[in-house]
Amino acid sequence: VPFMMEQYADNAVIGCLLTFATVVCLAGLHEVSRELENPFRNVPNDIPLCTLLAMYNESLITMCSGYHPDFYWKEESHSAGAVTMEKKKKEKEKKSLQVLEGMVFTQAEEIRQLRELIEKSRTEPSQEQEEVDIDRSSS
């Protein structure tokens, strides 16, 4: 490469600079191709993705369990947060109980109406039965 650059450029300094630039470009291209060959290799200067993912998952589990990291140093805030969480939980349970009671009341009302219909059908003869009885009596 240096001999080609010396023939290309008439000045030796320009030839040296062009040679240096060419070698740096080729070395950079080689490093890029090595990275594209094996992008997920485990070398010391890579980002520790497994560790970061484990920390992220741990923080999600912690936050979903009802503990928030902002309450770590403020005990009164944490206890207040726990009280509001407990209130929300009780309100949610109360609402679900009200819905269940409404459903039970509706079902009890439907059962009562069905019983009335059954009793009514047992005590009153249907019109079809009356027609059959009339036909029998006329024969």
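Residues numbered from 1 in each chain as written. Predicted model: local features only at pLDDT ≥ 70, side-chain atom pairs only at ≥ 80, totals over all residues. Heavy atoms only, no water.

In terms of regular secondary structure, the chain is built from 5 helices and 0 strands. In the chain, the succession of helices and strands from N to C terminus is α-α-α-α-α. Taking all 139 residues of the chain together, 4% fall into the buried category. When the accessible surface of the chain is totalled, it reaches about 13,200 Å², and 63% of it is carbon and sulfur. (Helix = DSSP H or I, 4+ residues; strand = E, 2+ residues; numbered from the N terminus. Buried < 20%, exposed > 50% of the residue type's maximum accessible area, 1.4 Å probe, protein only. Areas by Shrake-Rupley, 256 points an atom, 1.4 Å probe, with all protein chains shown as cover.)

This part takes up a nonpolar patch on the surface. A surface patch of nonpolar side chains, about 430 Å² in accessible area, is lined by I47, L49, L52 and M55. Along the polypeptide, L49 turns up in helix α3 (residues 49-64). (Patch = residues over 30% accessible without salt bridge, like charges linked within 9 Å, V, L, I, M, F, W, Y side chains within 5 Å. Salt bridge = Lys/Arg side-chain N within 4 Å of Asp/Glu carboxyl O.)

This paragraph deals with the pattern of salt bridges. Under the counting rule described, the total for this entry stands at 3 salt bridges. Put simply, R34 and E31 hold a salt bridge, and the shortest N to O gap is 3.3 Å. With R34 and E31 both in helix α2 (residues 12-37) and 3 residues apart, the pair spans about one turn of that helix. Given a relative accessible area of 41%, E31 falls into the partly exposed group. A salt bridge links R112 to E116, with the nearest nitrogen and oxygen atoms 2.4 Å apart.

Attention shifts here to the confidence of the model for the chain. Predicted coordinates in regions of low pLDDT should not be interpreted in detail. Residues with a pLDDT of 70 or more make up 73% of the chain, whose mean pLDDT is 77. Mean pLDDT values for the elements of the chain range from 59 in helix α5 (residues 127-138) up to 91 in α2. (pLDDT = per-residue confidence, 0-100.)

The next thing to look at is the side chain of T19. Following the sequence through the fold, T19 ends up in helix α2. On the basis of relative accessibility, which here comes to 13%, the residue T19 falls in the buried class. When neighbours within four sequence positions are excluded, T19 is seen to be in contact with V1, P2 and M5. (Contact = heavy atoms within 4.5 Å.)

Between its terminal C-alpha atoms α2 stretches 37 Å, which fits the 38 Å expected from 26 residues at 1.5 Å a residue. For α2, the N-terminal capping position is held by N11, with its side-chain oxygen 3.4 Å away from the main-chain nitrogen of V13. (Expected span 1.5 Å × (residues − 1). Polar contact = N/O pair within 3.5 Å; in protein donor to acceptor, adjacent residues only side chain to side chain.)

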